[in-house]
Every structure is written in structure tokens, then in C-alpha cells.
Amino acid sequence: MLEYKIEFLKKAEKELSKLPFNIQKQIANRLESLKSNPFPSDVKQLKNSNGILRIRINDYRILYRLENDVLVILIIKIAHRSKVYRDL
């Protein structure tokens, strides 16, 4: 089975580095599982978002887009649920 590669926008990388270490670890584990299954059971597609998908980790959200032609998962934003949908 083919695995996807994870890539981050600079903004998403910066957001991840500012989170508490235990949350960073949970997110890293979740991203690792996304490589083999980019559509987990709790994934939702955002409305009017041009194919942006969302998964939850506790009170945090990861917004990402699949680029199937090159097998890349592009992480767009990682933030607390109260802030993640602003400025999309």
C-alpha cells in the first residue's frame, strides 16, 4: 500500500511548535497514522473550503488538504478549536 508524505505550511509548523509538548506528541502520532489512512473515521470536509479536511485531537484541530497526484498530505493549520477556523 502506498504511503502519503506529510508536508507543513510554515504557519502550521510554527503553530505546532507553540503547543504544549503532550499535545505535540499526540498530533505527531495522529499525523503518522494519516500517512497510511488519510481518511480516518472522524475526518470531516469543511464546507466551502476547496477540499480542506479536518480531524480532531482533544480541543485542537488539524486542517489539511490531500494532493493525491503526488501522494502528499499538506497540513494547513493546527490550532485550538476556538481559533482554528478564523482566517481560512
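Here, every reference points to the structure presented above.
The written sequence of each chain sets the order in which its residues are numbered from 1. In keeping with the model being predicted, local features are shown solely for residues with a pLDDT of at least 70 and side-chain atom pairs are shown and tallied solely at 80 or more, while totals for entire chains, interfaces and linings include all residues. By convention in this description, side-chain values take in all heavy atoms of the structure and omit both hydrogens and water.

J.: Which residues make up the overall build of the protein, and what values do they have?
T.: A helix here means a DSSP run of H or I that spans at least four residues, while a strand means a run of E at least two residues long, and both kinds are numbered starting from the N terminus. A tally of regular secondary structure across the protein gives two helices and five strands. Along the protein, helices and strands appear, N-terminal first, in the series β-α-α-β-β-β-β. We compute the radius of gyration over the C-alpha atoms and compare it with the globule rule, which gives 2.2 Å times the number of residues raised to the power 0.38. Relative to its length of 88 residues, the protein is compact, with a C-alpha radius of gyration of 12 Å against a globular reference of 12 Å. Burial classes: relative accessible area under 20% of the type maximum marks a residue as buried, over 50% as exposed, and values in between as partly exposed (1.4 Å probe, protein chains only). For the protein, with 88 residues in total, the buried portion stands at 40%. Within the protein, contacts between residues at least 6 apart in sequence are counted, and of these 46% link residues at least 24 apart. When the accessible area of the protein is evaluated, it comes to approximately 5,900 Å², of which 48% is carbon and sulfur surface. We treat Lys and Arg as the positive residues and Asp and Glu as the negative residues; His and chain ends play no part in the count. Lys charges are placed at NZ, Arg charges at CZ, Asp charges at CG and Glu charges at CD. The averaged location of the 10 negative side-chain charges in the protein is 8 Å from the averaged location of its 18 positive side-chain charges. For this analysis, residues touch if any pair of their heavy atoms sits within 4.5 Å. The accessible surface values rely on the Shrake-Rupley method and a 1.4 Å probe; as for residues, cover is taken only from the protein chains in view.

J.: Requested: an account of the nonpolar core, with residues and values cited.
T.: In plain words, nonpolar cores are sets of buried Ala, Val, Leu, Ile, Met, Phe, Trp, Tyr and Cys residues tied together by side-chain atoms within 4.5 Å. In terms of nonpolar packing, the biggest core is built from 19 residues, with Leu19, Ile27, Ile62, Tyr64, Ile73, Ile75 and Ile78 touching the most fellow members. Sorting the residues of this core by element identifies α1 (10-17), α2 (21-36), β3 (53-57), β4 (60-67) and β5 (72-80) as the ones contributing at least two each. Leaving out residues up to four positions away in the same chain, Ile78 has contacts with Phe8, Ala12, Glu15, Leu16, Leu19, Ile27, Arg61 and Ile62. In this structure, Leu46, Ile52, Ile76 and Val84 belong to the second largest nonpolar core, which totals six residues.

J.: Which residues make up α1, and what values do they have?
T.: Residues of α1 that are buried include every one of Ala12, Glu15 and Leu16, and no others. Seen from one end, α1 has its buried residues packed into an arc of 100°, which puts them on one side. Within α1, the exposed residues directed more than 90 degrees away from the buried face are Lys10, Lys14 and Ser17. Among the structural elements, β1 (5-8), α2 and β5 are those in contact with the buried residues of α1. To be clear, the arc concerns the directions from the helix axis to the C-beta atoms.

J.: Now, about the pattern of salt bridges: what can you tell me, with residues and values included?
T.: For salt bridges, the criterion is a side-chain nitrogen of Lys or Arg within 4 Å of an Asp or Glu carboxyl oxygen. In total, this model carries four salt bridges according to the counting rule given. Here Asp42 makes a salt bridge to Arg30, at a shortest N to O gap of 2.5 Å. Separated by twelve residues along the polypeptide, Asp42 in the loop between α2 and β2 (44-45) and Arg30 in helix α2 bring together distant segments of the chain. The class for Asp42 is partly exposed, based on a relative accessible area of 28%.

Taken by themselves, the reported measurements are silent on function.
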